[in-house]
Amino acid sequence: MFWGSGILALYSVRPKSTLSCFTVKDIKQREKLIISIVMIFTIMLCTVPMSLSPNWNGTVSDHKNQYEVLTESILNGHIYMEYEYIDPTLLEMDNPYDSALRTELGISYHWDHAFYNGHYYMYFGVVPVFLLFLPFRLITGTNLTTYHATQIFVAFFIVGMFMLFLLLARKFCSSLSLAVYLSLSTAFSIMSIWYAIAAPALYCTAISSALCMEIWSLYFFTKAVWDSTTERQAVLFGILGSMLGAFAFGCRPPVALANLLAVPILISYIKKKNNNLKLLKQILITVLPYVIIGSLLMLYNYARFENPFEFGQSYQLTIADQSDYENILSQFDFIKIINGLMENFIGFTPLEQTFPYISFSSVLINFPICFLSLLLLFRRDTRRYVKINKLRFLLITLACLPIIISITEIMMSPFLLERYRMDIYWLMGLLSFLSLGFFYQTTTANMQKNYGFLLSIFAYCTI
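Definitions and cut-offs
Residues numbered from 1 in each chain as written. Predicted model: local features only at pLDDT ≥ 70, side-chain atom pairs only at ≥ 80, totals over all residues. Heavy atoms only, no water. Helix = DSSP H or I, 4+ residues; strand = E, 2+ residues; numbered from the N terminus. Buried < 20%, exposed > 50% of the residue type's maximum accessible area, 1.4 Å probe, protein only. Contact = heavy atoms within 4.5 Å. Areas by Shrake-Rupley, 256 points an atom, 1.4 Å probe, with all protein chains shown as cover. Lys, Arg positive; Asp, Glu negative; His and termini not counted. Charge placed at Lys NZ, Arg CZ, Asp CG, Glu CD. Phe/Tyr/Trp six-rings, centres within 6.5 Å; stacked < 30°, edge-to-face > 60°. Lys NZ or Arg CZ within 6 Å of the ring centre and 35° of its normal. 1 Å grid on protein atoms, 1.4 Å probe; cavity = no way out; pocket = protein on both sides within 12 Å on 5 of 7 lines; lining within 4 Å. Points joined across faces, edges and corners; volume = space filled by probe spheres on them. Nonpolar A, V, L, I, M, F, W, Y, C, P; charged D, E, K, R; others polar. Core = buried A, V, L, I, M, F, W, Y, C linked by side-chain atoms within 4.5 Å. Disulfide = S-S within 2.5 Å. Expected span 1.5 Å × (residues − 1). Polar contact = N/O pair within 3.5 Å; in protein donor to acceptor, adjacent residues only side chain to side chain.

Enquirer: What am I meant to see in the overall build of the protein chain here?
Expert: The number of helices and strands found in the protein chain is 21 helices and two strands. Across its three principal axes, the protein chain shows a C-alpha extent of roughly 75 × 65 × 50 Å. Looking at the protein chain residue by residue over its 463 residues, the buried ones come to 52%. For the protein chain, long-range pairs separated by at least 24 residues make up 75% of all intrachain contacts whose partners lie at least 6 apart in sequence. Surface accessibility of the protein chain: about 21,900 Å² in total, with carbon and sulfur atoms responsible for 66%. Looking at charge distribution, the protein chain has the averaged site of its 31 positive side-chain charges lying 26 Å from that of its 28 negative ones.

Right under this line is the structure:
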């Protein structure tokens, strides 16, 4: 079935196909319908299998129902997790974060929670609770099963990915064929969230919610600068971008570092305007959501941990003692950082003897299309095109962000996990889409058809 669908997909994007002859600037109602169908198919492909595993679909809730527990706690007026029993020995420990000592003393505790001053807390961001879990609980009277929240966030993320790519393609890669746009949008959407398909609850709820906030934040920032007809419209889009970008910090802070992309986008907007008091007022209004939402999140952190910048990372009850991670500078280890970057981007896991033979590897090994994209950025015509369109600062920031996020996670985590790479896959996908699109835009018409078909093959291999 997989290979059959692949042959059908490639046939539909062959060089002489209708999809290959239409460009993104030619899109009308029929083409919008095609895009919608492909987008819905991609959403179904990613979300339907999330219900299959009992360990992640709520059948075996274990510690993965923390969003649901916190929802009930908030309704009862508490920001700590309401559990009936807390082991007295845990309360008496000088260092309850010592996993070996907890095992030695035979302590009963809730795995992967934050524990501080005698209370359990959820160290995962609280924003999904207020966006989904609380409204669902108040409207229906029942709790939203956590993996369903992941399905919702993933669905909206994929829609955001398709819409952002289309917006960027129309503005900067208008000769891009509909076939290439659809192939890359589908591939990079799936690449960004693929781990969540198998393990949707809790961890990937936090990650997918942050991805959803960030992709829509970027979409509205892009609309504000490059697709607004009036200044009022630009400010409105900017406010939406800031609000969603700020929400990302309350979902998963490492993903929220992508808010740095707002800087080159804002600079692009400023360069088009006269530097006056009116412009300053627009900027202040636009960034106001960052101030308000950021202040609320810091207040929430202070109420829990007496530290506005502590999200609970230092107080986790897991396999590693992270209580000294509160001081980020103390975690700086140059060798650890270099090894972590190599593991994240070029590390290779040996093939196994049994099916499916492959295991988790690094970003560029898992998805070689990203490596191809990076190479194309160094092409002379591509660099010239980037310079003409004044996108150099944006691309540099976009290229640096996966490294910045990776370094942050290397310093603040005892070890790297595959799900952490979801924090950067989407950024690599965005960078790759722009790189491949710029190459397509700057090559000859004859080359575009063959190159487009080759890209579609790469995209299907990625899927």
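Enquirer: Explain the packing of aromatic side chains here, please?
Expert: Ring pairs (aromatic) are described by centroid distance and by the angle formed between their planes. Taken as a whole and assessed by the stated rule, the structure comprises 27 aromatic pairs. Note on Trp216 and Phe220: the rings are 6.0 Å apart at their centroids and 35° apart in plane angle, and the pair reads as tilted. With Trp216 and Phe220 both in helix H10 (residues 203-226), this residue pair falls four residues apart, about one helical turn. Note on accessibility: Trp216 and Phe220 belong to one class, buried. Sitting over the face of the ring of Trp56, Lys64 holds its NZ or CZ atom 5.0 Å from the ring centroid.

Enquirer: For this particular structure, what's the right way to read empty space enclosed by the protein?
Expert: Regions of empty space are outlined by a rolling probe, equal in size to a water molecule, passed over the atoms. If you walk through the whole model with that rule in mind, you get four cavities of 30 Å³ or more. Taken as a whole, the largest cavity holds about 90 Å³ of empty space. As for the largest cavity, its lining consists of Leu164, Leu168, Leu218, Thr222, Trp226, Leu261, Ile265, Leu394, Leu398, Leu430 and Leu434. Among the secondary structure elements, those contributing two or more residues to the lining of the largest cavity are helix H8 (146-172), H10, helix H19 (392-412) and helix H20 (422-441). The element that contributes the greatest number of residues to the lining of the largest cavity is H10, accounting for three residues. Looking at side-chain class alone, the lining of the largest cavity contains 10 nonpolar, one polar and no charged residues. If you add up the space inside the second largest cavity, you get close to 60 Å³.

Enquirer: Just to check I follow, could you spell out the nonpolar core for this structure?
Expert: The nonpolar side chains of a soluble globular protein tend to be buried, and buried together. Grouped together as the largest cluster of nonpolar side chains are 146 residues, with contacts concentrated most on Phe157, Leu176, Tyr181, Leu184, Phe188, Trp426 and Phe438. Beyond its immediate chain neighbours, meaning those up to four positions away, Leu184 contacts Phe165, Ile369, Phe433, Leu436, Leu455 and Ala459.

Enquirer: Whenever I open this one, the state of the cysteines confuses me. Can you help?
Expert: Evaluation of the coordinates by the stated rule reveals zero disulfides. Cys46 takes part in no disulfide bond, and the closest cysteine sulfur to it belongs to Cys204, at a distance of 12 Å. Take Cys46: its relative accessible area is 1%, and that puts it in the buried class. Residue classification places Cys204 among the buried residues on the basis of a relative accessible area of 1%.

Enquirer: What should I look at first to understand the environment of Phe153 in this one?
Expert: Mapped onto the elements of the fold, Phe153 is located in helix H8. Taking relative accessible area as the criterion, Phe153 reaches 4% and is therefore assigned buried. Each C-alpha atom, one on Phe153 and one on Pro128, is 9.3 Å from the other, the two residues being 25 residues apart in sequence. The residues contacting Phe153, other than those within four sequence positions of it, are Pro128, Leu132, Thr205, Ser208, Ser209, Cys212 and Met213.

Enquirer: Explanation requested: helix H9 (residues 178-198) in the structure shown.
Expert: Counting along an α-helix, one turn takes 3.6 residues, and residues three or four places apart therefore face a common direction. Taking 1.5 Å per residue as the helical rise, H9 with its 21 residues ought to reach 30 Å, and the 30 Å between its terminal C-alpha atoms agrees with that figure. Most of H9 sits out of view: 19 of its 21 residues are buried.

Enquirer: It is not clear to me how the side chain of Ser362 should be interpreted in this structure. Could you clarify?
Expert: Note on placement: Ser362 falls in the loop between helix H15 (334-345) and helix H16 (363-366). What makes Ser362 buried here is its relative accessible area of 0%. Looking at Ser362, its side chain comes within polar contact range of the main-chain oxygen of Phe345, at 3.1 Å.

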